[in-house]
Amino acid sequence: MKHYLEILVLIYREILEKFKFLTVENSDKSVVSIYKMQLKLNNKAYLYYEIQLLVAFLLFTIPLSAQNKISPFQCGHEYVLSINEQNYSNYREMVNETFSIAYKNKDINAHHRNDIYKIPVVVHIVWKNSEENLDDSLIFSQIKVLNKAFRLQNEDKSNVRDIFKDLQSDAEIEFELKEVKRVKTSANFALSLTGLPDNVKRASNGGSGATDPDRHLNIWVCKIQPIPFIGGQILGYAYPPTGLGNWPDGSSAPSKDLEGVVIDYRVFGLNNPNKLTVNGSTHQSFARTTVHEVGHYLGLRHIWGDGGGLFGGNSCDADDGISDTPNQGTQSPGGCDTSANTCIEEGGNDLPDMIENYMDYSGENCQNTFTKEQVALMRSVLANQRQLLTNTEQSFANQQVNIWPNPFQNFINITLNENIETKVKLTSLDISEIMSYKISEKYMLDVETLRSGTYLLEVVNDKMYKVLKLIKAHE
Ligand SMILES: [Zn+2]
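Residue numbering note: each chain is counted from 1, following its sequence as written. The predicted nature of this model means local features are confined to residues of pLDDT at least 70 and side-chain atom pairs, given and counted, to a pLDDT of 80 or more, with totals for whole chains, interfaces and linings taken over all residues.

## Observations concerning the overall build of the protein
The helix and strand inventory of the protein stands at 10 helices and 16 strands. Burial in this document is a count-based property: other C-beta atoms within 10 Å of a residue's C-beta are tallied, and the residue is buried at 20 or more, exposed at 12 or fewer, or partly exposed in between, with C-beta positions derived from the backbone. Out of the 475 residues belonging to the protein, those deemed buried represent 42%. This entry defines residue contacts through backbone-placed C-beta atoms, with two residues in contact when those atoms are within 7 Å. Considering only intrachain contacts with a sequence separation of at least 6, the fraction spanning at least 24 residues in the protein is 71%. Helical segments are the DSSP runs of H or I of at least four residues, strand segments are the runs of E of at least two, and each set is numbered from the N terminus.

And the structure:
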């Protein structure tokens, strides 16, 4: 129930934004009556949404004031968490837990600091009208912007204010365009109360199927439609890494082929001739929506920690889990307001909101920075949860666990360097065969009955998260 209401609140916020009620003082009553008028025009959904809205009002009394101004252009991160939570009750916890493990592991991976991770990228252009079939030059420019952002080679990096200069960091992550897939479709890709436009990722639903998502970053570019009758335009969304090792047996949420990033075609690439306009304001794109979404894909959260974000209020208690980003109460409402300081920190250490950060909602022309700790987290994810993506041998160098032989036949031996309760799970690539165990120190898996083929072995405990590819050899 809780996550369902969160979606209602998201919608509620969209409605308020639609009628530009966020910047003026209003009673909830008048908002409701205006909303009713709007719905009467769309009488199809009138009763249904009215009931939902009233429930939301009963449960949430949200004080409105000028400080709660919110950009009409959002990323779909909260929708991803809320909607997936409807289907998998522990989804949000799993995402958070994965984040904690990755963050804990970041220092273990520090000695790989100089490895440059190269991520193969497949771009799917799924188009209905010809303007959605973006030119190659836009795709190339987007890859360039990604590389500049993740190598700290963006020309505007020096615009960062002096107070944040020392935090700026080269992530040493590069993107290599491997393939562009173009699919003409008659389908629409709409956000709804209960679903993300994931049909763009499946050929059978009018989309384009993912290319081996363990080993490629798939980016789908399409026209993202707002929620019918209500609005709620998102610029893009990404699936964050999840604690796949901790899912209940038999579930795979979200399924592998959904992993990746979806971007609206109007904010993809530099100097895109297509413009995204919501309620009369046009989004100024500098191709940084994709940088932001790839940040989520590699484990980053919004810089304000999504505490006040959902409600548009100010919550300095919620944190993004990253130690070197300043505490921020809510998202920036677009623009480049250097005076913004939503959380006052005691003890002379107060910093303003970091509008320069790619994980804020500030104007794209003032975003230029990932911090050192954000970089450490993303690299930790690449060394662990998304290890297969970069295919670097070095990732295995840190031996907290020994696993042999590989290829295997009847047994797999696992030895841990520490006697610590550890969950291991062996999954075939098509997830048809799953074995999971709790082990400590040493264990020998009996795998005699398994078919030959490729398997993923996940090893998870408080100190590590490893995924290894193992092959069952023919007899
Ligand atoms: Zn986001």
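## Some thoughts on the sheet that holds strand β4 (residues 217-222)
Criterion used throughout: strands pair if DSSP finds at least two bridges between them. The five strands lie next to each other as β2-β1-β4-β7-β6, forming an open sheet whose pairing is mixed. At either margin of the open sheet sits one strand with a lone partner, and together these are β2 (173-184) and β6 (236-238). Within this sheet the neighbouring strands show an average axis-to-axis angle of 20 degrees, counted without direction. Of the pairings in the sheet, the one linking β4 to strand β7 (residues 261-264) comprises four bridges and is parallel in character. Paired with C222 across the strands is D264, a residue of β7. Each axis is a line fitted through C-alpha atoms, taken for helices only over the stretch in contact, and angles between the N-to-C directions span 0 to 180 degrees.

## Focus on the nonpolar core
One recurring pattern in soluble globular proteins is that nonpolar side chains are buried together. Structurally, a nonpolar core is described as a collection of buried Ala, Val, Leu, Ile, Met, Phe, Trp, Tyr and Cys residues joined by way of C-beta atoms within 7 Å. Judged by nonpolar contacts, the single largest core of 87 residues is most densely connected at I219, V221, C222, Y237, V262 and M378. Composition of this core by domain shows at least three residues from each of domain 2 (77-378) and domain 3 (399-472). Excluding residues that lie within four positions of it along the chain, V262 makes contacts with P197, V200, W220, C222, I224, G236 and Y237. Throughout, the edges of the domains are those of an automatic or database domain assignment.

## Focus on the environment of P120
Tracing the backbone shows P120 in strand β1 (residues 117-127). Classification of P120 by C-beta neighbours within 10 Å gives partly exposed; the count is 18. Through-space distance from the C-alpha of P120 to that of L389 is 7.5 Å; in sequence the pair is 269 residues apart.

## Structural notes on unusual backbone geometry
Looking along the chain, the bond that leaves W404 and enters P405 is cis, with omega of -5 degrees. Among the structural elements, P405 can be located in the loop between β10 (401-404) and β11 (411-416). With a phi close to 55 degrees, N271 is a non-glycine residue in the positive phi region. Looking at the element boundaries, N271 is found in the loop between β7 and β8 (277-278). At E441, a position not held by glycine, the phi torsion is positive, near 65 degrees. Along the chain, E441 falls in the loop between β13 (434-439) and β14 (442-446). Take E441: there are 13 C-beta atoms within 10 Å of it, and that puts it in the partly exposed class.

## Brief notes about helix α9 (residues 372-383)
The end-to-end C-alpha distance of α9, which contains 12 residues, comes to 16 Å, matching closely the 16 Å that a straight helix rising 1.5 Å per residue would cover. Among the residues of α9, those classed as buried are Q374, V375, A376, L377, M378, R379, S380, V381, L382 and A383. Here the buried face of α9 lies against α5 (91-105), β1, β2 and α10 (387-390). The length a helix should cover is 1.5 Å for every residue beyond the first.

## A closer look at the sheet that holds strand β16 (residues 464-472)
As a general point, the strands of a sheet are linked pairwise by backbone hydrogen bonds and lie either parallel or antiparallel. Strand order in this open sheet of four strands is β13-β12-β15-β16, and the pairing throughout is antiparallel. What marks the edges here is a single partner per strand, and that holds for β13 and β16. When the angles between neighbouring strand axes are averaged without regard to direction, this sheet yields 15 degrees. Examined bridge by bridge, strand β12 (residues 422-428) and strand β15 (residues 453-461) share six bridges and lie antiparallel to one another. Of the residues in β15, the one forming a bridge with L426 is L457.

## Remarks on the packing of helix α6 (residues 136-150) against helix α8 (residues 288-297)
Their axes nearest at 9 Å, the elements α6 and α8 cross at an angle of 55 degrees. In terms of their interaxial angle, α6 and α8 are classed as oblique. In the packing of α6 onto α8, the handedness of the crossing is right-handed. Within the contact between the two elements, α6 uses Q142, V145, L146 and A149 and α8 uses R288, T290, V291 and V294. Classification convention: Asp, Glu, Lys, Arg as charged; Ala, Val, Leu, Ile, Met, Phe, Trp, Tyr, Cys, Pro as nonpolar; all other residues, Gly among them, as polar. Counted by class, the contact of α6 with α8 contains five nonpolar, two polar and one charged residues. Any angle from 65 to 115 degrees is called roughly perpendicular, while one under 35 is roughly parallel, one over 145 is roughly antiparallel, and all others are oblique. Should the near helix be turned counterclockwise from the far one by less than a right angle, the crossing is left-handed, whereas a clockwise turn marks it as right-handed.

## Points about the pairing of β16
Relative to β16, β15 runs antiparallel, the two sharing nine bridges. If you follow N461 over to β16, its bridge partner there is M464. Connecting the antiparallel pair β15 and β16 is a turn made up of two residues.

## Some details on the packing of α5 against α9
At a minimum axis distance of 8 Å, the contact between α5 and α9 shows a crossing angle of 100 degrees. Put simply, α5 runs roughly perpendicular to α9. The segment α5 lies against α9, with A102, Y103 and N105 engaging L377, S380 and V381. Across the contact of α5 with α9, the residue classes tally to four nonpolar, two polar and no charged.

## Some details on the environment of I263
Its location among the elements puts I263 in strand β7. Beyond its immediate sequence surroundings of up to four residues, I263 is in contact with I219, V221, G236, F268, T289, T290 and E293.

## Topic: the confidence of the model for the protein
One number per residue, pLDDT, summarises how confident the predictor is, and it ranges from 0 to 100. For the protein, mean pLDDT is 80; residues scoring 70 or higher make up 78% of the total. The low-confidence segment residues 18-51 (pLDDT under 50) makes 34 contacts with residues lying over four places distant or belonging to another chain. Between residues 244-251, whose pLDDT stays under 50, and residues either more than four places distant or in other chains, the model counts 16 contacts.

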